[in-house]
Amino acid sequence: MTVKHDLELVDVTKRYGPNVAVDAIQHRFQPSSYTCLLGPSGCGKSSTLRMIAGHESVTEGSILLSGRDISDLPPARRGTAMMFQNYALFPHLSVRDNIAFSLKMKGVEPKERHTKAGEMLELVDLTILADRLPDQLSGGQQQRVALARALITRPEVLLLDEPLSALDPFLRIRMRGELKKLQKELGISFIHVTHGQDEALALADEIVVMNDAVIEQAGPARDVFNAPKTRFVAQFMGGHNVIALPNGCFAIRTDAVTVTAPKKGTLDAQVTAVEYQGTHVSLLSRISGDQEVTAMVPEAIYFTNPHHPGDQIGLHWDAKNLHQLTA
Ligand code: ADP
Ligand code: MG
């Protein structure tokens, strides 16, 4: 049976001089699951990850792993391992020696190092490339070496900082599938930092959305996408309109807005732009208060009764699809 390790952040703050990069965040990560820390550049994601890894000190607060305070332990003694954005491989060491490096540092005998590196090579499917140097590998292969090198320490939590950002779009999609599969196979927790909402949705069991040094919302990926609590989350996750109505500010999914001729029970709108997007047509219109609303209309439905810029239309949605925003 896999032991479930609980990682918890208790009022964790990071200050660089007078600047607050992470402001008293609280979170308990789901054990054995894939979590994405999502947010725009500069919001404090890497600082949070580096504090968990022990590569950055915690200014205030504490980090608990399985109930034990790890805040002051050196990185190698925390039960965490980090995979870096640029992979940070040693150019003069073979793939096998790169993977075994941390064991060598710990004074593990060559024979045991070799065996363990062999297991990791199998795990990431690089056995036949074991004797190559990093610059003789593709980007995707280098990434798998970096992954194996982090996993050889048998961490309870693997930390990944924008691990896919150096890859081309095609490889990025393939590698995210491999990361997800690996996490399920190993049963340990992965905490993956990204600024891409599509990447977070594709990978995460749980998404933690950060903005401006705080956690805006956290929860299962579908909950965060379907029921954003703040304007920021609705806009950052995409696929939503944020509309101010007389009774408050609401988010509504763009694919939950239906378009008809203007009639009783619909909201009057004027089409401002139409964009064909293959499976859907994005129809932008303006409602009263100079607000813009996007409707994602399935393309077959759109073309049975196409609307054009300048047309008057009626917008409609099911009230149950409106999510009231708190900020
Ligand atoms: P993210 O990973 O979300 O882009 P970071 O955690 O890297 O954000 O940075 C958060 C804030 O802290 C930013 O304003 C950044 O400029 C600042 N920062 C990050 N690292 C340092 C550092 N070593 N020294 C001073 N300021 C830093
Ligand atoms: Mg970062």
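Looking at an unreviewed UniProt entry, one finds the protein chain named Spermidine/putrescine import ATP-binding protein PotA and attributed to Pelagimonas varians.

This part is about the side chain of Lys 14. Note on placement: Lys 14 falls in strand β1 (residues 7-16). Within polar-contact distance, the side chain of Lys 14 engages the backbone oxygen of Ser 57 at 2.8 Å. In this view, Lys 14 contacts Asn 19, Val 20, Ala 21, Val 22, Ser 47, Met 51, Glu 56, Ser 57 and Thr 59; residues no more than four positions away in its chain are not counted.

Looking now at the packing of aromatic side chains. For any pair of aromatic rings, geometry is given as the distance between the ring centres together with the angle between the planes. A complete count under the given rule lists 5 aromatic pairs for this structure. On the numbers, 5.4 Å between centres and 15° between planes, the contact of Phe 232 with Phe 236 is stacked. With Phe 232 and Phe 236 both in helix α8 (residues 231-237), this residue pair falls 4 residues apart, about one helical turn. One exposure class covers both Phe 232 and Phe 236, and it is buried. Ring pairing ties together the aromatic residues Tyr 276, Tyr 302 and Phe 303, which thus form one cluster.

On to the packing of helix α2 (residues 95-105) against helix α4 (residues 139-151). At a closest axis distance of 7 Å, the pairing of α2 and α4 adopts a crossing angle of 30°. Here α2 lies roughly parallel to α4, going by the angle between them. Two packed elements cross with a definite hand, and for α2 against α4 that hand is right-handed. Within the contact between the two elements, α2 uses Val 95, Asn 98 and Ile 99 and α4 uses Val 145, Ala 148 and Arg 149.

Residues spaced three or four apart along an α-helix face the same direction, because each turn holds 3.6 residues. The end-to-end C-alpha distance of helix α3 (residues 110-123) is 20 Å, a good match for the 20 Å that 14 residues give at a rise of 1.5 Å each. Every buried residue of α3 is listed here: Arg 113, Ala 117, Met 120 and Leu 121. When α3 is viewed along its axis, its buried side chains cluster within an angular range of 105° and face the same direction. Among the exposed residues of α3, those oriented more than 90 degrees off its buried face are Lys 111 and Glu 122. On its buried face, α3 sits against α2 and α4. Where α3 ends, the next residue or the one after it, Asp 125, has phi of about 65°, a positive value.

Analysis parameters
Residues numbered from 1 in each chain as written. Chains lettered and ligands numbered in written order. Predicted model: local features only at pLDDT ≥ 70, side-chain atom pairs only at ≥ 80, totals over all residues. Heavy atoms only, no water. Helix = DSSP H or I, 4+ residues; strand = E, 2+ residues; numbered from the N terminus. Polar contact = N/O pair within 3.5 Å; in protein donor to acceptor, adjacent residues only side chain to side chain. Contact = heavy atoms within 4.5 Å. Phe/Tyr/Trp six-rings, centres within 6.5 Å; stacked < 30°, edge-to-face > 60°. Buried < 20%, exposed > 50% of the residue type's maximum accessible area, 1.4 Å probe, protein only. Axes fitted to C-alpha atoms, helices over the stretch in contact; angles between N-to-C directions. Parallel < 35°, antiparallel > 145°, perpendicular 65-115°, else oblique. Left-handed = near helix turned anticlockwise from the far one by under 90°. Expected span 1.5 Å × (residues − 1). Arc of directions from axis to C-beta.

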